[in-house]
Amino acid sequence: MIGSGLKKLAAENGMKVDKGVAYGSLQGYAATMCEGSGWKQIAFAASFADPVQKTAFMDAVNAVDVQKTYRVRNLGIGPKSIQIVFNDTVGTIGKIKEFLGWFLPLLKQYQASAWNICPECGCEVSEGKWMLIEGVAYYMHESCAQKT
């Protein structure tokens, strides 16, 4: 499910809402937003072609106490996605916006893949389709999506 706060945030960023999630390009990065009882989550379908950049990105993220500063319950960096779970209390959407103001420039600085880079083949997608895979929305070539 997705509540009114995340729906509004999605609408402000031109994202779509369907099947209980919001998804689309969030300032240039493929993002999925959802929530449950006591939590809200944003997952980015992003990866790092350069392992040195990924390590530097992880160091930059770990240098900040995201739990205290942004109410982040969990931040996981996988091979093809980054998932951030927030504790949901009064004012969480404001904290999420603050987090995005800090986090999105880091994705750019450390060269994370943009929303239109296919996670299957690594090439740019001019015409593709959104696929929800294990709770994360990816924008892919039609032919690459058929392989998943």
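The structure displayed is predicted, hence computed values, not measured ones.

Student: Sorry, what's going on with the overall build of the protein chain here?
Tutor: Secondary structure summary: the protein chain contains five helices and eight strands in total. Walking the protein chain from its N terminus toward its C terminus, one meets helices and strands in the order α-β-β-β-β-α-α-β-β-α-β-β-α. For the protein chain, the C-alpha radius of gyration of 15 Å lies close to 15 Å, the compact-globule estimate for 148 residues. With the C-alpha coordinates aligned to their principal axes, the bounding extent of the protein chain is approximately 45 × 35 × 25 Å. Within the protein chain, the fraction of its 148 residues that count as buried is 41%. Relative to all contacts within the protein chain whose residues are 6 or more apart in sequence, the contacts with residues 24 or more apart total 53%. Per element, the accessible surface of the protein chain, about 7800 Å² overall, is 50% carbon and sulfur. Between the centroid of the 15 positive side chains of the protein chain and the centroid of its 13 negative side chains there is a distance of 5 Å.

Student: What's the story with the pattern of salt bridges in this structure? I'm lost.
Tutor: A pair can form between side chains of opposite charge whenever their charged atoms are brought close. Counted under the stated rule, the structure contains five salt bridges. Residues K40 and E35 are paired through a salt bridge, measuring 2.7 Å at the closest nitrogen-oxygen approach. Note on accessibility: K40 and E35 belong to one class, buried. Linking E142 and K129 is a salt bridge whose minimum nitrogen-to-oxygen distance equals 3.7 Å. Taken as a pair, E142 in helix α5 (residues 142-147) and K129 in strand β7 (residues 129-133) lie far apart in primary sequence, 13 residues in all. The exposure class assigned to E142 is partly exposed, which follows from its relative accessible area of 42%. Connected through shared salt-bridge partners, E35, K40 and D88 make up one network.

Student: Would you mind showing me how to read the nonpolar core here?
Tutor: Nonpolar side chains in soluble globular proteins tend to end up buried together. Within the largest apolar cluster, 32 residues are counted, with the highest numbers of intra-cluster contacts made by F44, F57, I82, F99, L100, F103 and L107. Of all the secondary structure elements, the ones that give two or more residues to this core are α1 (4-12), β2 (21-26), β3 (29-36), β4 (39-44), α2 (51-62), α3 (66-70), β6 (82-87) and α4 (92-109). Residue contributions to this core peak at eight residues, all from α4. Among residues more than four places away in sequence, those in contact with I82 are I42, A43, F44, A46, F48, F57, L75, G76, I77, F103 and L107. If you look at the next biggest cluster of nonpolar residues, it comprises 12 residues, including C118, V125, M131 and C144.

Student: In this structure, what is going on with the sheet that holds β6? I would like to understand it.
Tutor: Backbone hydrogen bonds hold the strands of a sheet together, and the pairing may be parallel or antiparallel. Here we have six strands laid out as an open sheet, ordered β1-β2-β3-β4-β6-β5, and antiparallel in their pairing. What marks the edges here is a single partner per strand, and that holds for β1 (16-18) and β5 (72-77). Across the sheet, the mean angle from the axis of one strand to that of its neighbour is 15°, orientation sign disregarded. With five bridges joining them, β5 and β6 adopt antiparallel strand pairing. Note on β6: the bridge partner recorded for N74 is V85. Contacts from α4 reach β2, β3, β4, β5 and β6, with the element oriented near 20° to β4.

Student: When you look at the environment of L26 in this model, what are you seeing that I'm missing?
Tutor: Along the polypeptide, L26 turns up in strand β2. L26 sits in the buried class, given a relative accessible area of 0%. Spatially, the C-alpha atoms of L26 and M15 are 7.2 Å apart, while their sequence positions differ by 11 residues. If near-sequence neighbours (up to four positions away) are discounted, L26 is found in contact with N13, M15, A31, F44, L100 and L104.

What counts as what
- Residues numbered from 1 in each chain as written.
- Predicted model: local features only at pLDDT ≥ 70, side-chain atom pairs only at ≥ 80, totals over all residues.
- Heavy atoms only, no water.
- Helix = DSSP H or I, 4+ residues; strand = E, 2+ residues; numbered from the N terminus.
- Rg over C-alpha atoms; globule rule 2.2 N^0.38 Å.
- Buried < 20%, exposed > 50% of the residue type's maximum accessible area, 1.4 Å probe, protein only.
- Contact = heavy atoms within 4.5 Å.
- Areas by Shrake-Rupley, 256 points an atom, 1.4 Å probe, with all protein chains shown as cover.
- Lys, Arg positive; Asp, Glu negative; His and termini not counted.
- Charge placed at Lys NZ, Arg CZ, Asp CG, Glu CD.
- Salt bridge = Lys/Arg side-chain N within 4 Å of Asp/Glu carboxyl O.
- Core = buried A, V, L, I, M, F, W, Y, C linked by side-chain atoms within 4.5 Å.
- Pairing = 2+ DSSP bridges.
- Axes fitted to C-alpha atoms, helices over the stretch in contact; angles between N-to-C directions.

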